[in-house]
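# Observations on chain architecture
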Amino acid sequence: MKKDKNRVYIFDTTLRDGEQSPGSSMNTEEKLILARQLEKLGVDIIEAGFPIASEGDFDAVRQIAKVIKKSQVAGLARANKVDIDRAWQAIKNAARPRIHTFISSSDIHLKYQLKKSREQVLKEAIAAVKLARSYTDNVEFSPMDATRSDKDYLVQMVSAVIDAGAVTVNIPDTVGYTIPEEFGNLIAYLFANVKNMGDTIISVHCHNDLGLAVANSLSAIRNGARQVECTINGIGERAGNTAMEEIVMALTTRKDMYGLYTKIKTDQIYKSSRLLTQITGVPVQPNKAIVGANAFAHESGIHQDGLIKEKITYEIMTPQSVGISDTHIVLGKHSGRAAIAQHLKKMGYVLSDEQINRVAVKVKDLADVKKDIYDEDLEAILYEETYRGEDKYSLVYLNVVSGNVAIPTATMEMKVGKEVVRDAGFGNGPVDATFAAIRNITKTSYPLLKYVVNAITGGSDAQGETMVQLQHNGHSVVGRGAHPDVIVASAKAYINALNRLEFLKDNAKRLKVELSQEMR
Ligand code: KIV
Ligand code: ZN
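Residues numbered from 1 in each chain as written. Chains lettered and ligands numbered in written order. Predicted model: local features only at pLDDT ≥ 70, side-chain atom pairs only at ≥ 80, totals over all residues. Heavy atoms only, no water.

### Remarks on the sheet that holds strand 4 (residues 97-104)
Spatial strand order, 1-2-3-4-5-6-7-8: eight strands in a closed barrel with parallel pairing. Averaged over neighbouring strand pairs, the angle between their axes works out to 25° when direction is ignored. Alignment of strand 1 (residues 9-12) against strand 2 (residues 45-49), held across two bridges, turns out to be parallel. Bridge pairing in strand 2 places Phe11 opposite Ile45. Along the sheet, helix 3 (residues 81-91) contacts strand 3 (72-78) and strand 4; its crossing angle with strand 3, the most-contacted strand, is approximately 160°. With respect to the sheet, helix 7 (residues 180-193) is in contact with strand 6 (168-173) and strand 7 (201-206), its orientation differing from that of strand 7 by roughly 155°. (Pairing = 2+ DSSP bridges. Helix = DSSP H or I, 4+ residues; strand = E, 2+ residues; numbered from the N terminus. Axes fitted to C-alpha atoms, helices over the stretch in contact; angles between N-to-C directions. Contact = heavy atoms within 4.5 Å.)

### A few points about the site of ligand 1
Around ligand 1, the structure places Arg16, Asp17, His100, Ser142, Met144, Asn170, Pro172, Thr174, His205 and His207. Asp17 is positioned such that a nitrogen or oxygen atom in its side chain is 3.1 Å from an oxygen atom of ligand 1. One nitrogen or oxygen atom from the side chain of His205 is found 3.1 Å from an oxygen atom belonging to ligand 1. Bound to the protein, ligand 1 loses 94% of the 260 Å² it would expose on its own. Counting only elements with at least two residues in the shell around ligand 1, the list comes to strand 5 (139-144) and strand 6. Here the residues of the shell around ligand 1 are counted per class, giving two nonpolar, six polar and two charged. (Near = heavy atom within 4 Å. Polar contact = N/O pair within 3.5 Å; in protein donor to acceptor, adjacent residues only side chain to side chain. Areas by Shrake-Rupley, 256 points an atom, 1.4 Å probe, with all protein chains shown as cover. Nonpolar A, V, L, I, M, F, W, Y, C, P; charged D, E, K, R; others polar.)

### Remarks on the coordination of the zinc ion (ligand 2)
Only Asp17 (OD), His205 (NE2) and His207 (NE2) from the protein reach the zinc ion (ligand 2) as donors, at distances of 2.0 to 2.1 Å. All donors of the zinc ion (ligand 2) come from a single chain, and their spacing in sequence reads D-x187-H-x1-H. Of this pair, Asp17 sits in the loop between strand 1 and helix 1 (28-41) while His205 is found in strand 7, placing the two residues 188 residues apart along the sequence. Of the two residues, Asp17 and His205, both sit in the buried class. (Donors = N, O, S within 2.8 Å, 3.2 Å for Na, K, Ca; no water. Buried < 20%, exposed > 50% of the residue type's maximum accessible area, 1.4 Å probe, protein only.)

### A look at the side chain of Thr280
By secondary structure assignment, the location of Thr280 is in helix 11 (residues 269-280). Here Val282 takes part through its backbone nitrogen, which lies 3.1 Å from a polar atom of the side chain of Thr280. What Thr280 contacts, discounting residues up to four positions off in sequence, is Gly23, Ser24, Met26, Met467, Val478 and Arg480.

### A short note on the nonpolar core
With 91 residues, the main nonpolar core has Ile171 and Ile269 as its most contacted residues. Element by element, the count of residues in this core is highest for helix 6 (residues 151-164), at nine residues. Split by domain, this core shows at least three residues from each of two domains, domain 1 (9-280) and domain 2 (300-387). Once residues lying within four places of it in the same chain are set aside, the contact partners of Ile171 are Pro143, Ala146, Val158, Phe183, Leu186, Ile187, Leu190, Ile202, Ser203, Val204 and His205. Core analysis: the next-biggest nonpolar cluster, separate from the first, contains 25 residues, Val416, Ile441, Val468 and Tyr494 among them. (Core = buried A, V, L, I, M, F, W, Y, C linked by side-chain atoms within 4.5 Å. Domains from an automatic or database assignment.)

Any link to function would need more than the numbers given here.
And the structure:
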């Protein structure tokens, strides 16, 4: 097939590099949910994980490989036989498997980390690609820390791995050190000096340590790169990776500059971003480009005046183009089960009858206390009601007394297994008292690492979305809750975190996973 020179391939590494960012670890079930959404979003390649890292990673990659049909599924492997064999075992059932193997190319890494010579590392890179090619013709190679490598050694390595059979060569800015002009020049240098480039796709993988990941990727594209490695919301190691939504919308909005296209369905961008936030509990900063709460909010009077007269005055892309709808109000008190099911279908969620019933009950409950129900509210309910295992703990009722003259006190009843248990807790505020009551009831005392509150939508009746991170054996789990009463939302998030701990304990054996690894 003739290569389309104007197409930029989107390689999503949210489930691998993204998952390495603090607080973003996901269990297998969550990874599967996200992988399905990435496929719907239209990403060309899903890097599903690093199969050698743990049994949990292996199992997640294997399961994703089985269900994803349209996107390619990549497994990461260091340049050695054990890693590559393991990666292949995990992805071999994919419709379109890819092995992504890597080894460092910078003298800094060779001297201090690998303690190997350039010749030795080159040999290992070639052998790794040849081994990977014995399994599949879809092999990607990355010279790690490429941007701090000797340019001519990099040319030698890229050329050697192409000869060995790599069809995609990825140039990582592993430590986020490069700047746009320099990185563009490096890509141009490779095209000018790698004599056997042929149809090889040059990919880039930029980290955001200097806030330049997207700019660096664009500069590389300008100089011939045709695959970008990126993550939803830009999550990833340290300061993160190139944000998928930013690179895609830059190419789309500035088609006049680049003349290139991707196969991303941009109207799925916002939904993908929201889903990731729901899963990890890590919120997006309000001023984040494309998906932040303020990304399309115009505050200044002059801007608002211009927008009323003609949108093009201050709007370079429409919220609808990334899947943020103007007509947010979707459901209310009188919406029936059929209307809810139909709206969910329109949003792209096909649920079983039982799941729709559970969501419908919650929508009614919410409609009693909140006038308008938005897509985001529905998604919060959906996540809570459909994507969970059997819960050990649930909230029956919560009553909180607080104020500037009372000692904050929470009285609470919970179901613990089949038992109903009641107790109270004191604290220095209503949330603290609620958490104390939960600890008393469940007889647990996991340290609380993080507690975050966000308003899902605007307005004083907005649902509060809360995230609680608990620590266990030096590892952490995230729980989420949503409710118009932020104290109830906080209790739900805490209880969700406890249930997730229980779920992981129960499933550790089934997944052949060390609990400690799964909760990294
Ligand atoms: O940042 C990096 O170099 C990586 C490689 C494994 C591609 O993540
Ligand atoms: Zn990386």
